[in-house]
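As a plain string of letters, each chain reads:
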Amino acid sequence: MSVEWVGVVAANGILALGSVLQAATGLGAGLVVVPLLALISLEFVPGPVILAVLALAWLMAWRGRAQISFAGVPLLLSGLLVGMVLGASVLSYLPPDRLGFLFGGLILLAVVVSISGGSLRHSPAVVSLTGALSGFMGVTSAIGAPVLALLYQHHPGPVLRATLGLLYFVSSIVMLVLLHLAGRFGMNELQLGLVLIPGVIVGYVLAGFLARHLDRGYSRLAVLVISTLSALVLLVKSIW
């Protein structure tokens, strides 16, 4: 493992913060964690982050398994697969930091549409395109959550968290396989991902109290705020 222990401790603190947000709102780990981890070491992105958050996704889906909404999930997973395959192909020769400006702009556009009263309808075409875009963004930068969250933003908090947990879990496994095939997930990335898991577990344990507060009508607001902040971070990072 090529990262110093001080960096590992700091990275676990960041994962704990991101895990609290994700377990409480249904998203947040990749949105908050990826830009901060990149400041410590670019080696944490995307494979190690995806592996670490895989554990959190399973916990979210298992805890809320009775609340999972399966409507449109097969079509959404198909779109995710297409986007992930395309993303892995691009990642094999294009540095992922060049995609930040595009992703930030798309996320801000989706947030503006949502605030203006619009919504991502659950039509077959919208669901498929949402899955494809999320899969592409997820495998290239580990930030695929905002698009999926906007699709489910009007669902109750428990349904949003459990459904996104299931989608994250399944898609993360496929992402890791594709990253390995693209030469971006080997033994070093595996070790980095494993040492981040304690931070994920701590964040999950601490998330219970926060989740109860966000369920009081604040889940959608949290989704929009986190998505907007992550988009701005991506844009600033890309410009500089």
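Heads up: the structure comes first, above all this text.
Residues numbered from 1 in each chain as written. Predicted model: local features only at pLDDT ≥ 70, side-chain atom pairs only at ≥ 80, totals over all residues. Heavy atoms only, no water.

## Concerning the overall build of the protein chain
Using the following cut-off: Helix and strand assignments follow DSSP, with helices taken as H or I runs no shorter than four residues and strands as E runs no shorter than two, numbered in order from the N terminus. Accessibility here uses a 1.4 Å probe with only protein chains present; expressed as a share of the type maximum, an area under 20% marks a residue as buried, one over 50% as exposed, and anything in between as partly exposed. Every residue pair with non-hydrogen atoms within 4.5 Å of one another is taken to be in contact. Each accessible area value is a Shrake-Rupley result obtained with a 1.4 Å probe; residue values ignore everything except the protein chains displayed when judging cover.
Check the secondary structure of the protein chain and you find 10 helices and 0 strands. The N-to-C order of helical and strand elements in the protein chain reads α-α-α-α-α-α-α-α-α-α. Looking at the protein chain as a whole, 52% of its 240 residues are labelled buried. Considering only residue pairs separated by 6 or more positions, the protein chain has 85% of its internal contacts joining residues 24 or more positions apart. As presented, the protein chain carries roughly 10,600 Å² of accessible surface, and 74% of it is formed by carbon and sulfur atoms.

## A word on helix 2 (residues 29-40)
Applied cut-off: For a helix, the expected span equals 1.5 Å multiplied by the residue count minus one.
Over its 12 residues, helix 2 runs 16 Å from end to end, which matches the ideal 16 Å to within 8%, given 1.5 Å per residue. Every buried residue belonging to helix 2 is among Ala29, Gly30, Leu31, Val33, Val34, Pro35, Leu37 and Ala38, and all of these are buried.

## Things to note about the packing of helix 3 (residues 47-63) against helix 8 (residues 157-181)
Rule in force here: Note on geometry: axes are C-alpha line fits, over the in-contact stretch for helices, and angles between N-to-C directions span 0 to 180 degrees. By definition in this entry, angles of less than 35 degrees are roughly parallel, angles greater than 145 are roughly antiparallel, angles of 65 to 115 are roughly perpendicular, and the rest are oblique. Note on convention: near helix rotated counterclockwise from far helix by under a right angle means a left-handed crossing. Clockwise means right-handed. Just so you know the grouping, Ala, Val, Leu, Ile, Met, Phe, Trp, Tyr, Cys and Pro go in nonpolar, Asp, Glu, Lys and Arg go in charged, and all remaining residues, Gly too, go in polar.
Relative to each other, helix 3 and helix 8 sit at 150 degrees, their axes nearing to 7 Å. Here helix 3 lies roughly antiparallel to helix 8, going by the angle between them. Pair helix 3 / helix 8 crosses with left-handed handedness. Note on element contacts: helix 8 touches helix 3 through Arg161, Ala162, Gly165, Leu166, Tyr168, Phe169, Ser172, Ile173, Met175, Leu176 and Leu179, opposite Gly47, Ile50, Leu51, Leu54, Ala57, Trp58, Met60, Ala61 and Arg63. When grouped by side-chain class, the residues that make up the contact of helix 3 with helix 8 number 15 nonpolar, 3 polar and 2 charged.

## Quick look at the nonpolar core
We apply this condition: Among the buried residues, those of types Ala, Val, Leu, Ile, Met, Phe, Trp, Tyr and Cys that are joined through side-chain atoms within 4.5 Å form a nonpolar core.
Leu15, Leu37, Phe44, Val49 and Leu196 are the most contacted members of the largest nonpolar core, which totals 51 residues. In terms of residue count, helix 3 provides more of this core than any other element does, 9 residues in total. Ignoring anything within four residues of it in the chain, the contact list for Leu196 reads Ala11, Asn12, Leu15, Leu37, Phe44, Pro48 and Ala52. Core analysis: the second largest hydrophobic core is formed by 13 residues, Val127, Ala145, Leu160 and Tyr168 among them.

## Here we look at the side chain of Thr140
Here is the rule we go by: In the analysis that follows, any N or O atom pair within 3.5 Å is treated as a polar contact, provided that within protein one partner can donate a hydrogen and the other can accept it, and provided that, for residues neighboring in sequence, both atoms belong to side chains.
Along the chain, Thr140 falls in helix 6 (residues 124-141). The exposure class assigned to Thr140 is buried, which follows from its relative accessible area of 1%. At 2.7 Å, the side chain of Thr140 and the backbone oxygen of Phe136 are in polar contact. Within the structure, Thr140 has its side chain in polar contact with the backbone oxygen of Met137 (distance 3.3 Å).

## Side note on a nonpolar patch on the surface
Rules: Only residues above 30% relative accessible area that lack a salt bridge enter a patch, with like-charged residues linked at up to 9 Å and the nonpolar side chains Val, Leu, Ile, Met, Phe, Trp and Tyr linked at up to 5 Å. Note on definitions: salt bridges are taken to be side-chain nitrogens of Lys or Arg within 4 Å of carboxyl oxygens of Asp or Glu.
A cluster of nonpolar side chains, contributed by Leu221, Val225, Leu229 and Leu232, occupies part of the molecular surface with about 350 Å² of accessible area. Within the secondary structure, Leu221 is located in helix 10 (residues 219-239).

## As for unusual backbone geometry
With an omega dihedral of -5 degrees, the bond running from Val45 to Pro46 counts as a cis peptide bond. The topology assignment puts Pro46 in the loop between helix 2 and helix 3. For Ala142, which is not glycine, the phi dihedral falls at a positive 65 degrees. Mapped onto the elements of the fold, Ala142 is located in the loop between helix 6 and helix 7 (145-151).

## Description of the environment of Ile173
Within the secondary structure, Ile173 is located in helix 8. Separated by 119 residues in the primary sequence, Ile173 and Leu54 place their C-alpha atoms 7.6 Å from one another.

## Observations regarding the packing of helix 4 (residues 73-91) against helix 6
At a minimum axis distance of 6 Å, the contact between helix 4 and helix 6 shows a crossing angle of 35 degrees. Where helix 4 crosses over helix 6, the two elements pack in a sense that is right-handed. Within the contact between the two elements, helix 4 uses Leu75, Leu76, Gly79, Leu80, Gly83, Met84, Leu86, Gly87, Ala88, Val90 and Leu91 and helix 6 uses Pro124, Val127, Ser128, Thr130, Gly131, Ala132, Ser134, Gly135, Phe136, Val139 and Thr140.

## Digging into the packing of aromatic side chains
What describes a pair of aromatic rings is the distance from one ring centre to the other and the angle between the planes of the rings. What counts, and what does not: Here the aromatic set is Phe, Tyr and Trp, taking the six-membered ring for Trp, and pairing holds for ring centres within 6.5 Å; pairs whose planes are under 30 degrees apart are stacked, those over 60 apart are edge-to-face, and all others are tilted.
Counted under the stated rule, the structure contains 1 aromatic pair. Taken together, a centroid distance of 6.0 Å and an interplanar angle of 5 degrees make the contact between Trp58 and Trp62 stacked. One end of the pair is Trp58 and the other is Trp62, both in helix 3 and 4 residues apart, which spans about a single turn. Trp58 sits in the partly exposed class, given a relative accessible area of 42%.

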